[in-house]
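# Examination of the molecular architecture
Spelled out, the chains give:
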Amino acid sequence: MMHYLPGEFSHHLALKGLKFLYFTGLLKLFAHKKDSNLKFKNRDITHLNAKIGIAAGLDKNGDYIDCLAALGVDFIEVGTITPRPQTGNPKPRIFRNLKDRSLINRLGFNNKGVDHLVKRLKRKKTQTIVGTSIGKNFDTPNDNALEDYLHCIKKVYEHSDYIAINISSPNTKELRELSHGENFNSFLKAIKKIQNQLSTDGKYVPIFIKISPDEHSNDLAIICSSILDSKLDGIICSNTTVDHDHKNGPGGLSGAPLKNKATECLVNVRRLVGNKLPIIASGGVMSAQDYQEKLDAGANLVQIYTGFIYEGPQLIEDILNLRKV
Ligand SMILES: Cc1cc2nc3c(=O)[nH]c(=O)nc-3n(C[C@H](O)[C@H](O)[C@H](O)COP(=O)(O)O)c2cc1C
């Protein structure tokens, strides 16, 4: 039924429903797994393996952290958040293709701003690992983008278990350009520098770079080598793809048709970085088998988004059950 409502409306309705079930205690009937991360003594995500998380974008503002944690996932990535609140692109901007089990979105970082997210992170009750995805405001030119990222890092650092640098959304004009050209090295080095400064009081927060699945192999090699050089902590592979028929206009494609492309990107990244960096796989995980396929292709951790929209909490349940056997 929800699948026949407009994309973004049903998305909000589902999250509000989840919140209702959580606060009334009914969620336990649907998801009998408890908030699972209480069992991790070591919360350092770079040392965990074969864990399942919610990808960035589902809970952009951190408004649903405790509800999502109650579904039993091992980690949640909130955001992408920008320094200032922004409304994103005009609606409609989420399109479903039920036959393909895919989504096209061109949301454009609609979010309530980093200060709102920080309040939510401070207020959360769960011990589940929470990473924060950060980006730049749409009206910040690329020449000043670094300032937006540094601003967000400083704000979220103390309250996040890891930080994801989103330079791969196709829906913010020229965002993907940040990972191309000479400035990418200095961009990453500046991020490493602020991480070093902020970690002097003992809390080290790993920083991952989320990349696009649309990179040509030469660019991918340069990007991976820059990330290795910078000594940042990991790679999220990958964001949505712009490789689709554009019947609904521009946007990023996610879900089943993205799987092979994202896995191919993952295999290439693993070959390029060897065992030097952990990789979080994202893209087209619609079943427990797809989750296993990402691990077999070289991922340490796996995220879901579109699969969760189509399959609901059952997908998490299936993946957790697969791990038991
Ligand atoms: C509606 C929607 C919004 C998204 N928003 C973000 C975002 O804000 N930041 C981000 O890094 N990725 C975002 N993504 C990308 C997802 O995190 C994920 O990487 C991508 O959808 C591929 O995984 P999937 O096929 O399991 O959905 C979004 C995806 C969708 C469908």
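This is a predicted model, so every value here is computed, not measured. (Residues numbered from 1 in each chain as written. Predicted model: local features only at pLDDT ≥ 70, side-chain atom pairs only at ≥ 80, totals over all residues.)

When helices and strands are counted, the protein shows 11 helices and 11 strands. A compact globule built from 325 residues would reach a C-alpha radius of gyration of about 20 Å, and the protein, at 18 Å, matches this within 12%. The 325 residues of the protein split such that 47% are buried. Taking as baseline every contact in the protein between residues at least 6 positions apart, the subset at least 24 positions apart corresponds to 75%. (Helix = DSSP H or I, 4+ residues; strand = E, 2+ residues; numbered from the N terminus. Rg over C-alpha atoms; globule rule 2.2 N^0.38 Å. Buried ≥ 20, exposed ≤ 12 C-beta atoms within 10 Å, placed from the backbone. Contact = placed C-beta atoms within 7 Å.)

To continue, consider the sheet that holds strand E9 (residues 252-255). Across the sheet, 3 strands lie side by side as E3-E4-E9; this open sheet has antiparallel pairing. The open sheet is flanked by strand E3 (94-97) and E9, the only strands paired with a single partner. Averaged over all neighbouring strand pairs, the angle between strand axes comes to 20 degrees, with direction disregarded. One ladder, built from 4 bridges, connects strand E4 (residues 102-105) with E9; its direction is antiparallel. Of the residues in E9, the one forming a bridge with Leu103 is Ser254. (Pairing = 2+ DSSP bridges. Axes fitted to C-alpha atoms, helices over the stretch in contact; angles between N-to-C directions.)

Attention shifts here to the site of the ligand. Of all residues adjacent to the ligand, which total 27 residues, the nearest are Ala55, Gly57, Ser254, Tyr305 and Thr306. Of all the secondary structure elements, the ones that give two or more residues to the shell around the ligand are strand E2 (75-81), E4, E9 and helix H10 (306-311). Considering only residue class, the shell around the ligand consists of 9 nonpolar, 16 polar and 2 charged. (Near = placed C-beta within 6 Å. Nonpolar A, V, L, I, M, F, W, Y, C, P; charged D, E, K, R; others polar.)

Here we have 8 strands rolled up into a closed barrel, ordered E1-E2-E5-E6-E7-E8-E10-E11, and parallel in their pairing. In this sheet, neighbouring strand axes are inclined to one another by 25 degrees on average, regardless of whether the strands run parallel or antiparallel. Here strand E5 (residues 129-134) pairs with strand E6 (residues 162-166) via 4 bridges, running parallel. Its bridge partner lying in E6, Ile134 is registered against Ile165.

Where helix H4 (residues 114-123) is concerned, the buried positions are Val114, Leu117 and Arg120. Across the axial projection of H4, the buried residues extend over an arc of 120 degrees, all falling on one side. Those residues of H4 that are exposed and angled more than 90 degrees off the buried face are Asp115, Lys122 and Arg123. Among the structural elements, helix H3 (65-69), E2, E5 and helix H5 (145-156) are those in contact with the buried residues of H4. (Arc of directions from axis to C-beta.)

By the secondary structure assignment, Glu174 is in the loop between E6 and helix H6 (183-198). Judged by local crowding, Glu174 falls into the exposed class, with 10 C-beta atoms found within 10 Å. A C-alpha to C-alpha distance of 9.6 Å links Glu174 and Phe138, two positions 36 residues apart in sequence.

This part takes up unusual backbone geometry. Following Lys91, the chain continues into Pro92 via a peptide bond in cis, with omega recorded as -5 degrees. By secondary structure assignment, the location of Pro92 is in the loop between E2 and E3. Geometrically, the link from Cys237 to Ser238 is a cis peptide bond, its omega value of 20 degrees lying close to zero. Positionally, Ser238 belongs in the loop between strand E8 (234-237) and E9. One non-glycine residue, Arg101, lies in positive phi territory at about 55 degrees. Inspection of the secondary structure assignment puts Arg101 in the loop between E3 and E4. Overall, Arg101 belongs to the partly exposed group, with 19 C-beta atoms counted inside 10 Å.

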